[in-house]
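Each chain is listed here by its residues.
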Amino acid sequence: MFPTRQRPFLTTSTTRLITTTQRASRLWRSWMTLRLSSLSSSSSSSSSLSNKWTETATSATSTPQHDKQVAHPMHDKRYQKDQFSFLQQEILKYTNTDSNNSIQNSFTPPSTWYTSRDFFSLDREHVLLNHWTAVDVWTPTGKGAYKTGYFMGQPYLLTTSHDDNDSSSDNAEIQAFFNVCTHAGSCLAGPWTKNARNQGDTASCSSLDLNASLVGQASEGQLSPGEHFQCPYHGWRFNTNGRLTRATQTKGIQNFQAKEFSLKPIPVRRIGPIVFLHFGGFNSHTNDGARGSDSVTRFDQSRDLLFDRLERNGFVADLSDLKFVESRAYTLKCNWKVFTDNYGDGCYHCSYAHADLASNIDETSYSTDLLSDILSIQQAPPSSAANDDERFGDKTAVYAQWYPNLMLNRYGPWFDIDLVIPIDESTTKVLKAWFLERDFQVPSDSYIQDSIQSSERVHDEDVFLCENVQLGLQSRGFQAGRYVPSKQIATHHFHQQLAKDYLHACGLLDSEDMSE
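Residues numbered from 1 in each chain as written. Predicted model: local features only at pLDDT ≥ 70, side-chain atom pairs only at ≥ 80, totals over all residues. Heavy atoms only, no water.

## Some points on the overall build of the protein chain
Along its length, the protein chain carries 13 helices and 17 strands. Contacts in the protein chain between residues far apart in sequence, at least 24 positions, make up 68% of those at least 6 positions apart. Carbon and sulfur atoms make up 48% of the accessible area of the protein chain, which amounts to about 23,100 Å² in all. (Helix = DSSP H or I, 4+ residues; strand = E, 2+ residues; numbered from the N terminus. Contact = heavy atoms within 4.5 Å. Areas by Shrake-Rupley, 256 points an atom, 1.4 Å probe, with all protein chains shown as cover.)

Structure (structure tokens):
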């Protein structure tokens, strides 16, 4: 299905042409020389024990309460030449289909991108944990507020400081930390925090209602001035700024400096109630994080472009006019990229799968704009039939796709989001949240629930489509397809960004080639 001739890989106006075959061969020889040297120094017994430990640890955390943790293949001792070659081969199948990477000539990615555990590992390490990734929806209630959560095996703690001069929830400055006590690695805050925060210095675990069902659960609350997070393991305490304020029974420890044991911070940004975290950090050798301040600039510029489009379409730009209504979580039996591809479909499937939605938008005027490397906008004016539906109003709807895992939908008086949380190569969790204009006059008692029900109907139809596609991708009957240039523009754009991250992960694209 793919052209067999070798061509230079993915090129855009901002990347340089490099001959992939020569470069891949050179990098492979260098990597294998170092890897074989490293492996030869380890005994086969210790390697076997290490592998059993990895498998056991992965199995132990693969419960509904936990995101599965998948080791990055390049860091796994089982990762051998055939696997590395496999990744390169499957990446180049996509990037080599057209030297200009135009949507008119490109094939879609091979099915292995959606079914392989190795590709899921690339997604985790080089995409989702290496970019400004949406992880949560939160409007803090004031100073001392906190929220805990988990994203792809990374426990995080969001807080607002008691030292913040602005106590309003809309403007409160959010801080983010790894929710991990720096003493022994226990998760610090959780559903048990409300029981521990008021305990005195002599508080013990027996005074807490601790049981295994609490592990991995998200929580939300608020600490009063002077109250701290207390670790349920050994009682170490931290304030809302992440500073260690009390370490218990440390007599005899030499060269111990409390300031060196603060919680590890995570870079954080916000768009309205949506919280973005950058788990790679700015000082690590990561795709997006390696550029440090450039990454923040790109995020802020994309946010401003989104706000500008919302304002041009008649909406309040910064989402400050909205109130939270409800959120629900769904588990889908498909790869996270299948769900994302479906969103960027340019409403190609609407007439066939979304009868209600299709009747309320003008598909003939549907358009897609690529505003930045991480932001695409689809928009559609309401149809004449939509005038009778309070959900759609008379404004042109905005459907924004934020790389890698967020979709934002603004239509009528409503704003809703789809936040995608990958679980494994064939399982995805989607957090959906609805917001309504604060000043909107609800026309009936049932309006809100009727609107959510209509929105869920479209979601359920999409779930059917995505899970049905996943089954087909896992079969031997499909390798790759083609794009419809007039429709699947945002999906093609999404794949281009994935390809850049994959190429960088395999050493086929330099960091400077990643920048705009």
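Moving on from the coordinates now.
## So, the pairing of strand S2 (residues 145-151)
Most of S2 is tucked away: 7 of the 7 residues are buried. Residues Ala145, Lys147, Gly149 and Phe151 of S2 are buried on one face, and the alternating residues Tyr146, Thr148 and Tyr150, pointing to the opposite face, are buried as well. Examined bridge by bridge, S2 and strand S5 (residues 219-222) share 4 bridges and lie antiparallel to one another. The partner of Tyr146 across the bridge, within S5, is Gly221. Looking at chain direction, S2 and strand S3 (residues 154-160) are connected through 6 bridges and run antiparallel. (Buried < 20%, exposed > 50% of the residue type's maximum accessible area, 1.4 Å probe, protein only. Pairing = 2+ DSSP bridges.)

## Quick look at the packing of helix H5 (residues 117-128) against helix H12 (residues 489-505)
In a pair of packed helices, the angle between the axes and the distance between the axes together describe the arrangement. Axis separation between H5 and H12 bottoms out at 10 Å; the angle between their running directions is 95°. As summarised for this structure, H5 and H12 are arranged roughly perpendicular, according to the angle between their axes. Taken together, the residues of H12 that come into contact with H5 (itself represented by Phe119, Leu122, Asp123, His126 and Val127) are Leu498, Asp501, Tyr502 and Ala505. (Axes fitted to C-alpha atoms, helices over the stretch in contact; angles between N-to-C directions. Parallel < 35°, antiparallel > 145°, perpendicular 65-115°, else oblique.)

## A few points about the environment of Gln89
When you line up the elements, Gln89 lands in helix H3 (residues 81-95). With relative accessibility at 45%, the residue Gln89 sits in the partly exposed group. Side chain to side chain, Gln89 and Glu90 meet in a polar contact 3.0 Å long. (Polar contact = N/O pair within 3.5 Å; in protein donor to acceptor, adjacent residues only side chain to side chain.)

## Some thoughts on the pairing of strand S9 (residues 268-271)
Two faces make up the sheet, and in a regular strand the side chains alternate between them. Alignment of S9 against strand S10 (residues 274-277), held across 4 bridges, turns out to be antiparallel. Bridging across to S10, Val268 finds its partner in Leu277. In sequence, S9 turns back onto S10 through a hairpin of 2 residues, with Gly272 there showing a positive phi of about 60°.

## A few points about the packing of aromatic side chains
A complete count under the given rule lists 22 aromatic pairs for this structure. Here the aromatic rings of Phe178 and Phe279 are separated by 6.0 Å at their centres, their planes lie at 55°, and the arrangement is tilted. With Phe178 in strand S4 (residues 174-178) and Phe279 in the loop between S10 and helix H7 (293-312), this residue pair connects regions lying 101 residues apart in the sequence. Neither Phe178 nor Phe279 differs from the other in exposure class; each is buried. (Phe/Tyr/Trp six-rings, centres within 6.5 Å; stacked < 30°, edge-to-face > 60°.)

## Some details on the state of the cysteines
If you walk through the whole model with that rule in mind, you get 1 disulfide. Here Cys347 is linked by a disulfide to Cys350, with a sulfur-sulfur distance of 1.7 Å. Classification of the bridge connecting Cys347 and Cys350 rests on its S-S torsion, roughly -105°, and on that basis the disulfide is left-handed. The closest cysteine sulfur to the non-disulfide-bonded Cys181 is located on Cys231, 3.9 Å from its own sulfur. With no disulfide of its own, Cys187 lies closest to Cys231 among cysteine sulfurs, the gap being 9.1 Å. (Disulfide = S-S within 2.5 Å.)

## Section: the sheet that holds strand S6 (residues 229-230)
Taken in spatial order, the 3 strands make up an open sheet running S6-S7-S8, and their pairing is antiparallel. With one partner strand each, in any of the chains shown, S6 and strand S8 (244-246) form the two edges of the open sheet. Relative to strand S7 (residues 237-238), S6 runs antiparallel, the two being bridged by 2 bridges. Bridge pairing in S7 places Phe229 opposite Phe238.

## Focus on H7
Compared with an ideal rise of 1.5 Å per residue, which puts 20 residues at 28 Å, H7 spans 29 Å between its outermost C-alpha atoms and is within 8% of the ideal. Taken together, the buried positions of H7 are Ser295, Val296, Arg298, Phe299, Asp300, Ser302, Leu306, Phe307, Arg309 and Leu310. The inward-facing, buried residues of H7 abut S9, S10, strand S12 (367-372), strand S13 (375-380), strand S14 (397-402) and strand S15 (406-411). Where H7 terminates, the next one or two residues include Gly314, which has phi positive at roughly 95°. (Expected span 1.5 Å × (residues − 1).)

## Description of the nonpolar core
If you look at the biggest cluster of nonpolar residues, it comprises 100 residues, and the most contacted ones within it are Phe151, Phe276, Leu277, Phe279, Leu306, Trp402 and Leu406. Apart from residues no more than four positions distant in its own chain, Phe276 is found in contact with Trp132, Thr133, Ala134, Pro267, Val268, Arg269, Ile271, Phe299, Trp402 and Leu406. Within the second largest apolar cluster, 13 residues are counted, among which are Tyr146, Leu223, Phe238 and Leu263. (Core = buried A, V, L, I, M, F, W, Y, C linked by side-chain atoms within 4.5 Å.)

## So, the environment of Ala358
Within the fold, Ala358 resides in helix H10 (residues 355-360). Distance from Ala358 to Pro382, taken between C-alpha atoms, is 9.7 Å for residues 24 residues apart in sequence. Those residues in contact with Ala358 that sit more than four places away from it in its chain are Cys350, Ser351 and Glu363.

## Description of the confidence of the model for the protein chain
On average, residues of the protein chain score 81 in pLDDT, and 75% of them reach the 70 mark or higher. Low confidence marks residues 2-22, where pLDDT is under 50. Its contacts with residues over four positions away, or in another chain, come to 56 contacts. pLDDT under 50 marks residues 28-70. Its contacts with residues more than four places away, or in other chains, come to 41 contacts. (pLDDT = per-residue confidence, 0-100.)

## Observations concerning the packing of helix H8 (residues 336-343) against helix H11 (residues 447-473)
Two numbers describe how H8 lies on H11: the axes approach to 9 Å, and their chain directions differ by 125°. Here H8 lies oblique to H11, going by the angle between them. Regarding H8 and H11, the two cross each other, and that crossing is right-handed. Contacts between H8 and H11 involve Val338, Phe339 and Asn342 on the former and, on the latter, His459, Asp462, Leu465, Cys466, Val469, Gln470 and Leu473. Across the contact of H8 with H11, the residue classes tally to 6 nonpolar, 3 polar and 1 charged. (Left-handed = near helix turned anticlockwise from the far one by under 90°. Nonpolar A, V, L, I, M, F, W, Y, C, P; charged D, E, K, R; others polar.)

## Digging into H12
Its 17 residues give H12 an end-to-end C-alpha distance of 25 Å, which sits within 8% of 24 Å, the value for a rise of 1.5 Å per residue. Of the residues trailing H12, Gly507 is marked for its positive phi of about 75°.

## Quick notes on the pattern of salt bridges
In the structure shown here, the tally under the stated rule is 17 salt bridges. Salt-bridge contacts for Asp373 lead to Arg298; the nearest nitrogen and oxygen are separated by 2.6 Å. Here the residue Asp373 occupies a position in the loop between S12 and S13, and Arg298 occupies one in helix H7, the gap between them amounting to 75 residues. Under the relative-accessibility criterion, Asp373 is labelled buried at 7%. Residue Asp416 pairs with Lys432 through a salt bridge whose shortest N-O separation is 3.3 Å. Placement of the pair is Asp416 in strand S16 (residues 414-424) and Lys432 in strand S17 (residues 427-437), with a sequence separation of 16 residues. For the residue pair Asp416 and Lys432, the accessibility class agrees, reading buried in each case. One salt-bridge network, in which partners are shared between bridges, spans Arg269, Asp300, Arg303 and Asp304. (Salt bridge = Lys/Arg side-chain N within 4 Å of Asp/Glu carboxyl O.)

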